[in-house]
Amino acid sequence: MTKPYDIPKALVWEAYQCVKATGGSAGIDRESLEQFESNLSGNLYKLWNRMCSGSYFPPPVKGVPIPKKLGGVRMLGVPTVADRIAQTVVKRLLEPVIDPVFHANSYGYRPGRSAHEAIAMVRRRSWDYDWVIEFDIKGLFDNIDHDLLMRALRKHCQTPWVLLYVERWLTAPMQMPDGALVERVRGTPQGGVVSPLLANLFLHYAFDMWVARHLPGVQFCRYADDGVIHCRSLAQARGVLDRIGERFRQCGLELHPDKTRIVYCKDVNRQGEFPCVQFTFLGYCFRPRRAVDKYGRVYVNFAPAVSRDALKAMRQTIRGWHLQLKCDKNIDDLSAMFNPILRGWHQYYGRFYGSAMSAVWRHLNDYLTRWMMRKYKHLARHKTRAGHALGRLARQFPHAFWHWKLGCLPKAG
């Protein structure tokens, strides 16, 4: 019997492999990836058959509250394993068509593009432009207008089954932690596989192309719902901020009032006064910093380094490890447990002005010193002696922890 839609089985298989590689928790059906794989061929065939016949209806997404840094919660919508595979089928078909259309200054959730590239671009432009508008879109994933999004999607995709399933995903309800089902008339669930691609498509027309067309005198860099706009003057920045605020309102979106501001990029050549001379972008704080030129001369540069909030979060994470209580572990055990995390922190936050990470490394060394004091009785109540012992251990095993390899050693004995 001929199916209404021709979807290659190989595409479903490739989508499953992508989902398996990324993992993830169960949806409302409580079926884990391992349980799905217990009847893998049958489950994949059933999904393919339903998608080909047009009878696939996505189940509600599981609402999971995620605490925000500044208080409150963000609801993450977790699809079932089968639905993640179905969304990946659509994403693998759509992304090669849509991504090349996106603006060069859009970096978030795009293959072959990184946050570090966006940060480097903002750093370079902050040297050329005196003023920056830092902006954040309030509740982007919750407030995307479905009609506008589908209009944008139809402009680039005429595949009937793709359009059909995207519409169904947009309107699939969310099951809250108390079991209540919440209907959705706006937004695309944050946590869905295809949601970041759809959000980028929406903002491509709502913001990127609009700025390029109507505000040619400015430069911008956007990473999902977080971005900056570079301006030549304060007057221009104020005018641009008013215009983009109105533009977002026309598209059903709103600038976050607490995360949107005008900033003066003060450095050695910019001596004017302004209340705000720093902004945060992708976990990096851009502000005036001490720098040394190639001739050894000290000057003030406007540059990024790990933000205070990121430093606080890393220190809290270290505190939560309770290193001082792991007396049954040796140095190799601790290294295996925590070194991959330390490496990830350094690789992300140490890329620009890496010395700002020293506060985290000192904090970690303090906890390792406490671990030494509790593990070895002769070091109990002797913090200085324990610090010296840890220093000798660090010189003996410099690769045990990532920050030791960087030279951030405890005080030597």
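These figures come from a predicted structure and were not determined experimentally. (Residues numbered from 1 in each chain as written. Predicted model: local features only at pLDDT ≥ 70, side-chain atom pairs only at ≥ 80, totals over all residues. Heavy atoms only, no water.)

**Student:** Would you take a moment to explain the overall build of the chain for this structure?
**Tutor:** The helix and strand inventory of the chain stands at 15 helices and 11 strands. Going through the 413 residues of the chain one by one, you find that 48% of them count as buried. Long-range contacts, defined here as pairs at least 24 residues apart, represent 67% of the contacts in the chain between residues at least 6 apart. Summed over all atoms, the accessible surface of the chain reaches about 20600 Å², with 51% contributed by carbon and sulfur. Across the chain, the centroid of the 61 positively charged side chains sits 8 Å from that of the 35 negatively charged ones. (Helix = DSSP H or I, 4+ residues; strand = E, 2+ residues; numbered from the N terminus. Buried < 20%, exposed > 50% of the residue type's maximum accessible area, 1.4 Å probe, protein only. Contact = heavy atoms within 4.5 Å. Areas by Shrake-Rupley, 256 points an atom, 1.4 Å probe, with all protein chains shown as cover. Lys, Arg positive; Asp, Glu negative; His and termini not counted. Charge placed at Lys NZ, Arg CZ, Asp CG, Glu CD.)

**Student:** Teacher, can you tell me more about the side chain of Arg125 here?
**Tutor:** Structurally, Arg125 is set in helix α5 (residues 115–128). Within the buried core, Arg125 has no salt-bridge partner, and the shortest N-O distance to an opposite charge, that of Asp128, equals 6.9 Å. If sequence neighbours within four positions are ignored, Arg125 has contacts with Asn105, Gln219, Phe220, Cys221 and His230. (Salt bridge = Lys/Arg side-chain N within 4 Å of Asp/Glu carboxyl O.)

**Student:** Mind showing me how you'd approach the nonpolar core here?
**Tutor:** Side chains of a nonpolar character, in soluble globular proteins, are inclined to be buried together. Core analysis: the biggest nonpolar cluster contains 121 residues, and Ile85, Ile229 and Phe281 have the highest contact counts within it. Among the elements that take part in this core, helix α9 (residues 195–214) stands out by supplying 10 residues, more than any other. (Core = buried A, V, L, I, M, F, W, Y, C linked by side-chain atoms within 4.5 Å.)

**Student:** Just to check I follow, could you spell out the layout of surface pockets for this structure?
**Tutor:** The rolling of a water-molecule-sized probe over the atoms marks out the regions of remaining empty space. By volume, the second largest pocket is sized at about 310 Å³. Those elements that place two or more of their residues in the lining of the second largest pocket are α1 (9–22), β2 (73–78) and α4 (81–98). If you tally residues by element for the lining of the second largest pocket, the top one is α4, at five residues. (1 Å grid on protein atoms, 1.4 Å probe; cavity = no way out; pocket = protein on both sides within 12 Å on 5 of 7 lines; lining within 4 Å. Points joined across faces, edges and corners; volume = space filled by probe spheres on them.)

**Student:** What am I meant to see in the pairing of strand β6 (residues 219–223) here?
**Tutor:** Walk down a regular strand and you will see the side chains alternate between the two sheet faces. Sheet topology note: the β6/strand β7 (residues 226–231) ladder contains five bridges and is antiparallel. Paired with Arg222 across the strands is Gly227, a residue of β7. Connecting β6 to the antiparallel partner β7 that follows it, the hairpin turn spans two residues, and Ala224 within it adopts a positive phi of roughly 60°. (Pairing = 2+ DSSP bridges.)

**Student:** Sorry, what's going on with the pattern of salt bridges here?
**Tutor:** When the charged atoms of two side chains with opposite charge come close together, those side chains can pair. Overall, the coordinates contain 13 salt bridges when judged by the stated rule. The closest approach of N and O atoms between Asp99 and Arg110, which form a salt bridge, is 2.9 Å. Here Arg110 lies in the loop between α4 and α5 and Asp99 lies in the loop between α4 and α5, a separation of 11 residues in the sequence. An identical accessibility class is assigned to Asp99 and Arg110; each is buried. For Asp130, the salt bridge identified is with Arg270, shortest N-O distance 2.8 Å. Of this pair, Asp130 sits in the loop between α5 and β3 (131–136) while Arg270 is found in the loop between β8 (261–264) and β9 (279–281), placing the two residues 140 residues apart along the sequence. For Arg270, a relative accessible area of 6% gives the class buried. What you see here is one network of salt bridges that share partners, running through Asp130, Asp267 and Arg270.

**Student:** Help me understand the sheet that holds β3 in this model?
**Tutor:** Backbone hydrogen bonds are what pair the strands of a sheet, in a parallel or an antiparallel way. An order of β6-β7-β3-β8 is seen for the four strands of this open sheet, with the pairing classed as antiparallel. Among the strands making up the open sheet, the edge pair consists of β6 and β8. Each adjacent strand pair in this sheet contributes to an overall mean axis angle of 20°, direction not counted. In this sheet, β7 lies alongside β3 in antiparallel orientation, the contact comprising six bridges. Residue pairing for β7: Phe135 is matched across the bridge by Gly227. (Axes fitted to C-alpha atoms, helices over the stretch in contact; angles between N-to-C directions.)

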